[in-house]
Amino acid sequence: DQQVKQNSPSLSVQEGRISILNCDYTNSMFDYFLWYKKYPAEGPTFLISISSIKDKNEDGRFTVFLNKSAKHLSLHIVPSQPGDSAVYFCAASEVRGAQKLVFGQGTRLTINP
Amino acid sequence: NAGVMQNPRHLVRRRGQEARLRCSPMKGHSHVYWYRQLPEEGLKFMVYLQKENIIDESGMPKERFSAEFPKEGPSILRIQQVVRGDSAAYFCASSPGRDTYNEQFFGPGTRLTVL
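This section reports on the structure supplied with the text. (Residues numbered from 1 in each chain as written. Chains lettered and ligands numbered in written order. Predicted model: local features only at pLDDT ≥ 70, side-chain atom pairs only at ≥ 80, totals over all residues. Heavy atoms only, no water.)

Strand pairing in a sheet relies on backbone hydrogen bonds. The paired strands run either parallel or antiparallel. All names here are of chain A. The antiparallel open sheet is built from five strands, whose spatial order is E1-E3-E8-E7-E6. Here the strands that pair on one side only, and so sit at the sheet edges, are strand E1 (4-5) and strand E6 (56-59). The pairing of E6 with strand E7 (residues 62-67) spans four bridges and is antiparallel. Paired with Glu-58 across the bridge in E7 is Thr-63. (Pairing = 2+ DSSP bridges. Helix = DSSP H or I, 4+ residues; strand = E, 2+ residues; numbered from the N terminus.)

See below:
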């Protein structure tokens, strides 16, 4: 039962353009969402998060949008840079309770010069 | 300000041996989580611990796997009698506590290879 889904295994974007990574979830108890970036042979690095009381959170080049009615969130990176090439994971948790993170399968983003 | 530390970074075991993976959380963090990543998959939650307490072990296999976070020292994930299917990357994460939003910070991982 995949509660968090990233349906695009890979995405290729030109340097300087916008990268949009998508994530869907099924569990209506999730109310906190996070994006992590992961390079090979390293641990995930926290990028940005959003709680369910918001529909947008911005941090520099990164913006996360949350559509609760559609159970969908997206990460926008603009402008995309070569160093952004990595695997991006969407994760979700319930603020109350054990707070374990449920991860999507990841999207491999490649930024082309 | 050291981040989450994990050791060893790479561990090779033969089938039937024991594997011990260690995790030291970030300074000031009292909550530790273990996740496993199989090849080409996302991270899967295994266990959530506080000092001397297992809070949630719903993701742990019922046999051969155990975890602890003693009062002193690192958290340990122990896998007894390893099998080839245990080969994976094991990540530890830490967070400050339950009353804060759950931004977990991850260590570099231990890559376990079972021969």
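Take the layout of surface pockets next. A volume near 440 Å³ is recorded for the largest pocket. Around the largest pocket sit 18 residues that line it, and A:Val87, A:Arg108, B:Gln37, B:Glu40 and B:Glu41 are the ones nearest its centre. Counting residues per element, the ones that place at least two in the lining of the largest pocket are strand E9 (86-93) and strand E11 (107-112) of chain A. Classifying every residue of the lining of the largest pocket by side-chain character gives nine nonpolar, four polar and five charged. (1 Å grid on protein atoms, 1.4 Å probe; cavity = no way out; pocket = protein on both sides within 12 Å on 5 of 7 lines; lining within 4 Å. Points joined across faces, edges and corners; volume = space filled by probe spheres on them. Nonpolar A, V, L, I, M, F, W, Y, C, P; charged D, E, K, R; others polar.)

Purely geometric numbers; function is a separate question.
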